[in-house]
Amino acid sequence: MQGKRVLITGATNGIGKFAALELAKMGANVVIVGRNEAKTRAVLSQLIADSGNDNLHMLLADLSSMDETRRAAAEYLQKHQRLDVLLNNAGAVFSEFQASVDGYEMTFALNHLSYYLLALLLVDTLKNTAREHGEARVINVSSSAHRNASLRLDNLRDHTGHSMMSSYGASKLMNVLFTYELARRLQGAGVTVNAVHPGLVATGFGHNMRGIWVPIIKILQRLFAISPEKGAETLVYLASSIDAAGITGKYWDRKQQKESSANSYDRELQKQLWDFSAEATGIG
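What counts, and where the lines are drawn
Residues numbered from 1 in each chain as written. Predicted model: local features only at pLDDT ≥ 70, side-chain atom pairs only at ≥ 80, totals over all residues. Heavy atoms only, no water. Helix = DSSP H or I, 4+ residues; strand = E, 2+ residues; numbered from the N terminus. Rg over C-alpha atoms; globule rule 2.2 N^0.38 Å. Buried < 20%, exposed > 50% of the residue type's maximum accessible area, 1.4 Å probe, protein only. Contact = heavy atoms within 4.5 Å. Areas by Shrake-Rupley, 256 points an atom, 1.4 Å probe, with all protein chains shown as cover. Lys, Arg positive; Asp, Glu negative; His and termini not counted. Charge placed at Lys NZ, Arg CZ, Asp CG, Glu CD. Axes fitted to C-alpha atoms, helices over the stretch in contact; angles between N-to-C directions. Parallel < 35°, antiparallel > 145°, perpendicular 65-115°, else oblique. Nonpolar A, V, L, I, M, F, W, Y, C, P; charged D, E, K, R; others polar. Phe/Tyr/Trp six-rings, centres within 6.5 Å; stacked < 30°, edge-to-face > 60°. Lys NZ or Arg CZ within 6 Å of the ring centre and 35° of its normal.

A. Geometry of the overall build of the protein. In terms of regular secondary structure, the protein is built from nine helices and eight strands. Over its C-alpha trace the protein gives a radius of gyration of 17 Å, about what one expects of a compact globule, namely 19 Å for 284 residues. Referenced to the eigenvectors of the C-alpha coordinate spread, the extents of the protein come out at roughly 50 × 40 × 35 Å. For the protein, the proportion of its 284 residues judged to be buried stands at 54%. Partitioning the contacts of the protein with sequence separation of at least 6, the portion at a separation of at least 24 is 76%. Carbon together with sulfur atoms contributes 48% to the accessible area of the protein, which is approximately 12500 Å² in total. The average position of the 30 basic charges and that of the 27 acidic charges among the side chains of the protein differ by 4 Å.

Next comes the structure, spelled out in structure tokens:
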């Protein structure tokens, strides 16, 4: 990874932070994306100190906003001409319906649209990097929660019937559908695209919710969760391992290729999601 450029969203906590640390230790030039300036600066300083690598940088953006996602991509491109790895990791779950600044349900806006928009805004740089240096990689963090989910695109501006788990599961299904469609569209470009289930990880994930869900999630994490270091292992593997070179359009768990849900392979659903996302973002 020496000299390679890596961009990681959701990198101020949990698996994103530990992936950034491990890749920085390998010599990668890592750019982390965070929302809170003070926290992001503190994490950046810690990563530099812990990795011994001072070629780390930060971008500030609330990725639930399309304008801020565009600004983050533009700032990246102003400073860097190379992108070897895009790690889409930012995500959250919301106990109640919230609308993004663009009017979309917040889980969809953050967990899917940010992945789609950032990847499309940076795709030319990814392809140029692959052309000049042999390969580039996109890694989308999904979840096993996608397995019982269905794709609904007709209620993303409406709080009626909103369900926290249905919205979250649907967003994770979107991550897999998007991965497969993007991988197919980038065939022959030298850019691989893969989705990852990191496992139930003991992080601050879900602690933003309200009511009884927070103690429930904390109990589940305490009883069953793996450490953030362990959860980041597959992300680091897909970003760095020579064994993963050239493998694209796959769903991974514990460094192994796994079958995703049956509906995630539905080409029509993949195209529906792509077309909806293209219309929402104006790119695609």
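B. A look at the packing of helix H4 (residues 106-133) against helix H9 (residues 267-281). Where H4 meets H9, the closest approach of the two axes is 11 Å, and the angle between their N-to-C directions is 80 degrees. Between H4 and H9, the angle falls in the class roughly perpendicular. Every residue of H9 that contacts H4 at Phe108, His112, Leu113, Tyr116, Leu117 and Leu120 is listed here: Leu273, Trp274, Phe276, Ser277, Ala278, Ala280 and Thr281. By residue class, the composition of the contact of H4 with H9 is 10 nonpolar, three polar and no charged.

C. Representation of the environment of Ala99 in the model. By the secondary structure assignment, Ala99 is in the loop between strand S4 (85-88) and H4. Along the sequence, Ala99 and Asn53 sit 46 residues apart, while their C-alpha atoms lie 39 Å from each other. With residues up to four places along the chain from it excluded, the contact list for Ala99 reads Tyr104 and Met106.

D. Summary view of the packing of aromatic side chains. A complete count under the given rule lists eight aromatic pairs for this structure. Aromatic pair Tyr116 and Phe178: ring centres 5.6 Å apart, planes at 55 degrees, arrangement tilted. Note that Tyr116 is positioned in helix H4 and Phe178 in helix H5 (residues 164-185), a separation of 62 residues in sequence. Assessed through its relative accessible area of 2%, Phe178 is described here as buried. Between Tyr237 and Trp252, the ring centres sit 5.9 Å apart and the planes meet at 55 degrees, which makes this aromatic pair tilted. Here the residue Tyr237 occupies a position in helix H8 (residues 233-240), and Trp252 occupies one in strand S7 (residues 250-253), the gap between them amounting to 15 residues. Accessibility expressed as a relative area gives 2% for Trp252, which makes it buried. What links up through ring pairs into an aromatic cluster is the set Tyr104, Phe108 and Phe276. Against the face of Trp274 rests Arg185, its NZ or CZ located 4.0 Å from the ring centre.

Structural measurements only, silent on function.
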